[in-house]
Amino acid sequence: MAIDMEPSWLKVLHSEFDKAYMLKLREFLKNEQTTGYKTYPKNADIFNAFKKTPFDELKVVILGQDPYHGEHQAHGLSFSVQKGITTPPSLKNIYKELLTDIPGFVIPAHGDLTEWAEQGVLLLNASLTVRANTAGSHQKRGWEEFTDHVIKTISEKKTGIVFILWGAFAQAKAVLIDQSKHFIIRSAHPSPLSAHNGFFGSKPFSKANAILIKEGKQPIDWQIH
């Protein structure tokens with residue numbers, strides 16, 4: 001597992017990679033792969049969120065739980081799938097919400113959210129890897145310790161970041177965020193199981209842009225091309 005990140009992230013996170021939990025996590029991943037299990041995303045994409053969204057340009061954090069566990073889906077960005085792959089149900093609901101939230105939004109033909117990441121939207125999963133076809137299989141192996149540290153680092157070293165927390169799992173991370181200097185947008189999860197219980201109509205994207213404009217920052221162009 002090579003630590004492939006944009007330099008401004010390495011600057012603030014480098015000390016984590018020598019800690020005991022991270023060494024154990026690397027050993028676990030290596031063992032998964034050498035004993036014949038397929039894991040997602042591919043090793044080169046594990047830290048994709050940290051390659052596409054520099055720490056210095058961060059504006060918004062959208063927190064997910066686990067990478068997709070189907071073939072060719074996950075590529076290191078929460079809720080996003082690679083081009084050519086069927087848009088998953090949660091992302092379809094995200095697009096439906098964008099239709100009513102952002103004037104002129106057109107549902108794209110793919111589910112690759114790289115364009116958001118390149119504008120300063122950190123698409124962060126709490127676990128960064130998963131075993132093929134086995135949801136949650138890499139939870140409690142160390143990833144949560146790392147990503148909690150990421151959230152705390154953002155909270156401590158940045159100001160005016162918009163955290164979009166969908167569902168109970170993501171909202172539990174609010175305790176890591178200094179709400180006196182950051183903004184939290186909460187709603188139900190976009191999953192088909194919960195989207196009708198408070199996700200649809202929550203307008204997280206226009207709310208995030210309104211905050212960014214108020215903070216003197218460039219809003220996000222949510223349209224995926």
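Higher on the page you've got the structure.
Residues numbered from 1 in each chain as written. Predicted model: local features only at pLDDT ≥ 70, side-chain atom pairs only at ≥ 80, totals over all residues. Heavy atoms only, no water.

Trainee: Talk me through the packing of aromatic side chains; I want residue IDs and the actual numbers.
Mentor: Each aromatic ring pair is specified by the distance between its two centres and by the angle formed by the two planes. A complete count under the given rule lists 17 aromatic pairs for this structure. Cluster of aromatic residues (ring-pair linked, three or more members): Trp9, Phe17, Phe47, Phe50, Phe55, Trp143 and Phe146. The positively charged end of Arg131 is found above the aromatic ring belonging to Tyr37, 3.5 Å away from the centroid. The ring of Phe55 is capped by Lys158, whose NZ or CZ atom sits 4.8 Å from the centre of that ring. (Phe/Tyr/Trp six-rings, centres within 6.5 Å; stacked < 30°, edge-to-face > 60°. Lys NZ or Arg CZ within 6 Å of the ring centre and 35° of its normal.)

Trainee: Outline the sheet that holds strand S6 (residues 183-187), supporting the account with residue identities and numerical values.
Mentor: Strands sit in the order S3-S2-S5-S6 across an open sheet of four strands; the sheet is parallel. The open sheet has two edge strands, strand S3 (121-125) and S6, and neither has a second partner. Strand-to-strand twist in this sheet, taken as the mean axis angle between neighbours without regard to direction, amounts to 20°. Alignment of strand S5 (residues 162-166) against S6, held across five bridges, turns out to be parallel. In the strand pairing of S6, Val162 is matched with Phe183. In this fold helix H8 (residues 204-214) packs onto strand S2 (60-64), S5 and S6, with an angle of close to 165° to the strand it touches most, S5. (Pairing = 2+ DSSP bridges. Helix = DSSP H or I, 4+ residues; strand = E, 2+ residues; numbered from the N terminus. Axes fitted to C-alpha atoms, helices over the stretch in contact; angles between N-to-C directions. Contact = heavy atoms within 4.5 Å.)

Trainee: Account for the pairing of S3, naming residues and giving values.
Mentor: Taking burial as the measure, the five residues of S3 include five buried ones, the bulk of the element. Here S3 shows a buried face lined by Val121, Leu123 and Asn125 and a second buried face lined by Leu122 and Leu124. Here S2 runs beside S3; their pairing, made up of five bridges, is parallel. The partner of Val61 across the bridge, within S3, is Leu122. (Buried < 20%, exposed > 50% of the residue type's maximum accessible area, 1.4 Å probe, protein only.)

Trainee: Outline the pattern of salt bridges, listing residues and values.
Mentor: Counted according to the given criterion, the structure contains five salt bridges. Notably, a salt bridge pairs Lys51 with Asp4, separated by 3.3 Å at the nearest N-O pair. Of this pair, Lys51 sits in helix H3 (residues 48-52) while Asp4 sits in the segment before helix H1 (7-13), placing them 47 residues apart in sequence. On the basis of relative accessibility, which here comes to 27%, the residue Lys51 falls in the partly exposed class. We classify Asp4 as partly exposed; its relative accessible area is 38%. Glu71 is the salt-bridge partner of Lys38, the closest N and O atoms lying 3.6 Å from each other. Separated by 33 residues along the polypeptide, Lys38 in the loop between helix H2 (20-34) and strand S1 (39-40) and Glu71 in the loop between S2 and helix H4 (89-101) bring together distant segments of the chain. (Salt bridge = Lys/Arg side-chain N within 4 Å of Asp/Glu carboxyl O.)

Trainee: If you had to explain the pairing of S5 to someone new, which residues and values would you point to?
Mentor: Extensive coverage of S5 is indicated by the burial of five of its five residues. Residue alternation in S5 divides its side chains into two sets, Val162, Ile164 and Trp166 and Phe163 and Leu165, and both sets are buried. Relative to S5, S2 runs parallel, the two being bridged by four bridges. Residue pairing across strands places Val60 opposite Val162, the latter belonging to S5.

Trainee: Explain H2 residue by residue, including any values.
Mentor: The terminal C-alpha atoms of H2 lie 21 Å apart, and with 15 residues this matches the ideal 21 Å at 1.5 Å per residue to within 8%. Gly36 occupies a position one or two residues after H2 and carries a positive phi of about 100°. (Expected span 1.5 Å × (residues − 1).)

Trainee: So what's going on with the nonpolar core? Residues and values would help.
Mentor: Ranked by size, the top nonpolar core spans 69 residues in total, and within it Trp9, Phe50, Ile62, Trp116, Phe146, Ile154 and Trp222 carry the most contacts. Not counting the four nearest positions on each side in its chain, Phe146 is found in contact with Met5, Leu13, Glu16, Phe17, Tyr21, Met22, Phe47, Phe50 and Leu128. (Core = buried A, V, L, I, M, F, W, Y, C linked by side-chain atoms within 4.5 Å.)

Trainee: Could you give an account of the environment of Phe17, naming the residues involved and the relevant values?
Mentor: Its location among the elements puts Phe17 in the loop between H1 and H2. Ignoring any residue separated from it by four or fewer positions in sequence, one finds Phe17 in contact with Ile3, Met5, Leu10, Met22, Leu23, Arg26, Phe47 and Phe146.

Trainee: Could you give an account of the packing of H2 against helix H6 (residues 143-157), naming the residues involved and the relevant values?
Mentor: In contact at an axis separation of 9 Å, H2 and H6 are set at 130° when each is read in the N-to-C sense. Taken together, the axis directions place H2 and H6 in an arrangement best described as oblique. When you trace H2 past H6, the crossing you get is left-handed. Residue-level contacts link Tyr21, Met22, Leu25 and Leu29 of H2 to Trp143, Glu145 and Phe146 of H6. Grouping the constituent residues of the contact of H2 with H6 by class yields six nonpolar, no polar and one charged. (Parallel < 35°, antiparallel > 145°, perpendicular 65-115°, else oblique. Left-handed = near helix turned anticlockwise from the far one by under 90°. Nonpolar A, V, L, I, M, F, W, Y, C, P; charged D, E, K, R; others polar.)

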